[in-house]
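A closer look at the structure
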Amino acid sequence: MKVIQKIEQATLDNRPFWSFEYFPPKTQQGINNLYDRMERMYNLGPTFIDVTWGAGGSTSDLTLELCSTAQGVYGLETTMHLTCTNMPKEQIDYALEKAKEYGIQNILALRGDPPRGQEVWTACESGFSNAIDLVKYIRQQYGDYFCVSVAGYPEGHLDAASVQEDLQFLKAKVDAGADYIVTQLFYDVELFIDWVKKCRDLGITCPILPGILPIQNFNGFKRMTTLCKTFVPQSILDALEPIKDDDQAVKDYGVQLAVDMCRRMQEEGILGFHFYTLNLERSTRLVLEGLDFVPAQEDVRPLPWCPSLSKKRMNETVRPIFWRNRVKSYITRTENWDEFPNGRWGDSRSPAYGDLGVHGVSLKQSMKEAKQLWKAPQNLEEISQIFADYCSGKTAALPWSDQPLMPESNAITEKLVNINRMGYLTINSQPAVNGVKSSHKVHGWGPKNGYVYQKAYLEFFVSPQALDKLVEKINQDPYITYYAINKQGDLHTNTQSDEPNAVTWGIFPGKQIVQPTIVEAYSFTVWKDEAFELWAEWAKVYEPEEPTRKCIEAITNDWYLVNVVHNDYQDSDAIFKIFGESNGTEYIR
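Model, not experiment: these values are computed from the prediction. (Residues numbered from 1 in each chain as written. Predicted model: local features only at pLDDT ≥ 70, side-chain atom pairs only at ≥ 80, totals over all residues. Heavy atoms only, no water.)

A short note on the environment of Leu108
Here Leu108 shows up in strand β4 (residues 106-110). Separated by 76 residues in sequence, Leu108 and Asn32 have C-alpha atoms that sit 24 Å apart. The contacts of Leu108, once residues within four sequence positions are left out, are Asp50, Thr79, Met80, His81, Leu82, Ser149, Val150 and Ala151. (Helix = DSSP H or I, 4+ residues; strand = E, 2+ residues; numbered from the N terminus. Contact = heavy atoms within 4.5 Å.)

Listed below in structure tokens is the structure:
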């Protein structure tokens, strides 16, 4: 969707809106962490995000990947920066073609800064000299397909002879086809307000979004404002001077300053704010909270998972629960399944179904980070403790779960810890929910005035001997259905139906029942390849003769992946009764 359409709707509704900017990290770990941050910041309800473009396309492939993933995996409407610096027309064409191929419909057109070590900006051969030419070219080549935004400079661009001349350039960019303006950072609100009035007097009528950079630390603030030659009111400098060596005090002041700036702009009718996050989350979140910018629940969670904005998946309303903690992997593995876009999650009969493709399976952590996180467990008891510590919040991640447990697990945390210590190594779970309001802060999702439900669900690894004992207890409860499969594909189940089992559903006014999360045999057998491969990847962290590696390989080769659903969603504890006092750890000693 075009960002300008979202801005126009917010303006029509007279409601505030906000957006975030990110830049491509320099390391793989930084990229992984940024994806985590994007996923969390989705819940802050940005109207859109944008991702910067390195000079001369130095980060072009990564920028395209970040934009595509943010939009296709994490459901964030995304704008891609595109600069003229060291970019011949052929590279501009490539970037625009790829953006369209990936479903990115929003471009921020910039001239760009001079390359590092070059003081004066010059156009490269066959390249564009300024953002005006870039905007014209995008419109000439693609018509109205892209929403095009441009940069504005409340203090005037550094290369402009005067603020008035820079305003004329801005007017030319808008006349060339720009849809809205995002400003450079500033700290003098009155200067910005006066500049907006000058823009309007000049006939610039499109939306103008002020760029807000909450102060994170004193030295960084000084570097940034010096580099950009940003005017800083003396009152701000005076406030920072006595606290400049106290990083937390500077952050707190930066948050309050940003809140005060936004409130003053709101008094002048400004509705939209663009936050330069520096790839950080906390300060931006605190500013939004200070402004009481709370997104509507149905906007943040229209489904229990973040809906993709990929054109192939826009009608997707159902997903198997197995991939809940491996969202990026699920999207990349299913992107080319035959049945999109049919509102389903894919056809298991497709020849493409389950293909790991070029993406493969890997740990998020480097070998060094994995050893720091999980140490070197010597036996199953120690491995079980790692899983238990993850459930209690003492360990940050598992190979199958990059994020801490979701808040909905608080009600069953103690039970999860206990069964992990017993040797049932859980990687996915959800508690039973019996008709809570769709506006519920923990369990709620979907439109207003609805009710949502969940069946209790557990997914875990267990030894073959412990599985036999467990199945005996499962068979005594008619409400339980299960699947169990090992690495070799030996499948055990007590259900004869190929029909999906809805484990999450919602009932809303004027709509059919929505069943967004399911358990289904075909997708479970596909997921097991990835689930066991992650054990193998974990084993590779250690040398072949180390006890840790031998223990992990024994689990990989012999154990079963199990999912259990308790279909009586009115009994929240029933699913845990099957574990009793048995101890699965005894079977690998």
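Notes on the packing of aromatic side chains
With the rule as written, the count across this model stands at 29 aromatic pairs. Seen from their ring centres, Trp400 and Trp535 are 4.8 Å apart, and the 65° between their planes marks the pair as edge-to-face. Taken together, the residues Trp400 in the loop between α15 (380-392) and α16 (413-421) and Trp535 in helix α18 (residues 521-539) connect sequence positions 135 residues apart. Comparing Trp400 with Trp535, the two get one shared label, buried. Ring centres 5.1 Å apart and planes at 85° place the aromatic pair Trp505 and Tyr569 in the edge-to-face group. In this pair, Trp505 is assigned in strand β16 (residues 501-507) and Tyr569 in the segment after β18 (560-566), connecting sequence segments 64 residues apart. (Phe/Tyr/Trp six-rings, centres within 6.5 Å; stacked < 30°, edge-to-face > 60°. Buried < 20%, exposed > 50% of the residue type's maximum accessible area, 1.4 Å probe, protein only.)

Points about the pattern of salt bridges
Counting across every chain of the model gives 26 salt bridges. In this structure, Arg264 and Glu267 form a salt bridge, with 3.2 Å as the shortest nitrogen-oxygen distance. Of this pair, Arg264 and Glu267 both sit in helix α10 (residues 247-267), 3 residues apart, roughly one helical turn. (Salt bridge = Lys/Arg side-chain N within 4 Å of Asp/Glu carboxyl O.)

Regarding the pairing of strand β1 (residues 17-22)
Summarising burial for β1: 6 of the 6 residues are buried, a large majority. Neither face of β1 is open: one carries Phe17, Ser19 and Glu21, the other Trp18, Phe20 and Tyr22, and all of them are buried. Two strands pair when backbone bridges link them, and β1 and strand β8 (residues 272-276) are joined in this way by 5 bridges, in the parallel orientation. Each residue of the ladder has a partner; that of Phe20, found in β8, is Phe275. As paired elements, β1 and strand β2 (residues 48-51) share 4 bridges and run parallel to each other. Bridge pairing in β2 links Glu21 to Asp50. For the crossover from β1 across helix α2 (residues 28-41) to β2, the handedness is right-handed. (Pairing = 2+ DSSP bridges. Right-handed = clockwise from strand over helix to strand, strands pointing away.)

As for the sheet that holds strand β6 (residues 180-185)
Strand order in the closed barrel made by the 8 strands is β1-β2-β3-β4-β5-β6-β7-β8, with parallel pairing throughout. Recorded for the sheet is a direction-independent mean angle of 30° between the axes of neighbouring strands. Sitting on the sheet, helix α6 (residues 163-175) touches β5 (147-152) and β6, and the angle it makes with β5 is about 180°. (Axes fitted to C-alpha atoms, helices over the stretch in contact; angles between N-to-C directions.)

Spatial relationships are all this shows, so hold off on functional conclusions.
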